[in-house]
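Here is what each chain is made of, one letter per residue.
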Amino acid sequence: SDLYSSVKMLHGNGQRLPASEDRRMTVAFDRHVEDVMSRLKERATNLEESYERRTEGLMAKHGMYDICFQEVLSFSEKINPALCRVFRKIRSVHTSLFQLVPEIVKEAVEVQTAKDQIGVDEMTAELHRSEDETGQLLEAAEMLESEAKVNQA
């Protein structure tokens, strides 16, 4: 909200915007916030894992800043169209990068889960080997004990 107010000040060259422009920007901002929050609420209700909810929260924050970026683009178009084209390219790349985040996080969790499972499997196998060795040692001890009893008699 503070950032968006600063962006609105850009449009007014440091002065208060005309009422109609201020209202247009306020309505656009409020509608954008409502859309982002609605999307977040809809997506978050189906997410079970905390990493998924945190990722969606991050994406929602990106969405909130995006309206500010759009208004900076609108302002820069009036002042310097070439600068605006550069900002549009930056916004496009930035948005593309952020859209990769959920899949990257999901893949990282899957890799870690697989590594954890391998570790559990290795520990289970080691436990079974240890149990087998313990069984063999007990059998050998019993045989020695039996032989000792036979030799004593």
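Residues numbered from 1 in each chain as written. Predicted model: local features only at pLDDT ≥ 70, side-chain atom pairs only at ≥ 80, totals over all residues. Heavy atoms only, no water.

A. Region of interest: the overall build of the chain. For the chain, the helix and strand inventory stands at 4 helices and 0 strands. Put simply, the chain runs from its N terminus to its C terminus through helices and strands in the order α-α-α-α. Taking 153 residues into account, the globule formula puts the C-alpha radius of gyration at 15 Å, and the chain, at 32 Å, lies well above it. Each of the three principal axes of the chain carries a C-alpha extent, and together these read 115 × 30 × 20 Å. Expressed as a percentage of the 153 residues in the chain, the buried residues total 16%. Of all intrachain contacts in the chain linking residues separated by at least 6 positions in sequence, the fraction that spans at least 24 positions is 61%. As displayed, the chain offers around 11,600 Å² of accessible surface, 56% of which is attributable to carbon and sulfur atoms. Within the chain, the 28 negative side-chain charges are centred at a point lying 19 Å from the centre of the 20 positive side-chain charges. (Helix = DSSP H or I, 4+ residues; strand = E, 2+ residues; numbered from the N terminus. Rg over C-alpha atoms; globule rule 2.2 N^0.38 Å. Buried < 20%, exposed > 50% of the residue type's maximum accessible area, 1.4 Å probe, protein only. Contact = heavy atoms within 4.5 Å. Areas by Shrake-Rupley, 256 points an atom, 1.4 Å probe, with all protein chains shown as cover. Lys, Arg positive; Asp, Glu negative; His and termini not counted. Charge placed at Lys NZ, Arg CZ, Asp CG, Glu CD.)

B. Quick peek at helix 4 (residues 81-152). Its 72 residues give helix 4 an end-to-end C-alpha distance of 105 Å, which sits within 8% of 106 Å, the value for a rise of 1.5 Å per residue. Residue Val-101 marks the point of greatest curvature in helix 4, where the axis turns by about 30°; the proline Pro-102 follows within four residues. With a side-chain oxygen lying 3.1 Å from the backbone nitrogen of Ala-82, the N-terminal cap of helix 4 falls on Asn-80. (Expected span 1.5 Å × (residues − 1). Bend = angle between axes of the 7 residues up to and from the residue. Polar contact = N/O pair within 3.5 Å; in protein donor to acceptor, adjacent residues only side chain to side chain.)

C. Region of interest: the pattern of salt bridges. Counted under the stated rule, the structure contains 7 salt bridges. Glu-56 serves as the salt-bridge partner of Arg-43, at 3.5 Å between the closest nitrogen and oxygen. Highlighted residues: Arg-43 in helix 2 (residues 19-44) and Glu-56 in helix 3 (residues 50-79), separated in sequence by 13 residues. Take Arg-43: its relative accessible area is 41%, and that puts it in the partly exposed class. For Glu-77, the salt bridge identified is with Arg-88, shortest N-O distance 3.8 Å. Residue Glu-77 is found in helix 3, and its partner Arg-88 is found in helix 4; the two are separated by 11 residues along the sequence. Among the charged side chains, a salt-bridge network with shared partners connects Glu-21, Arg-24 and Glu-71. (Salt bridge = Lys/Arg side-chain N within 4 Å of Asp/Glu carboxyl O.)

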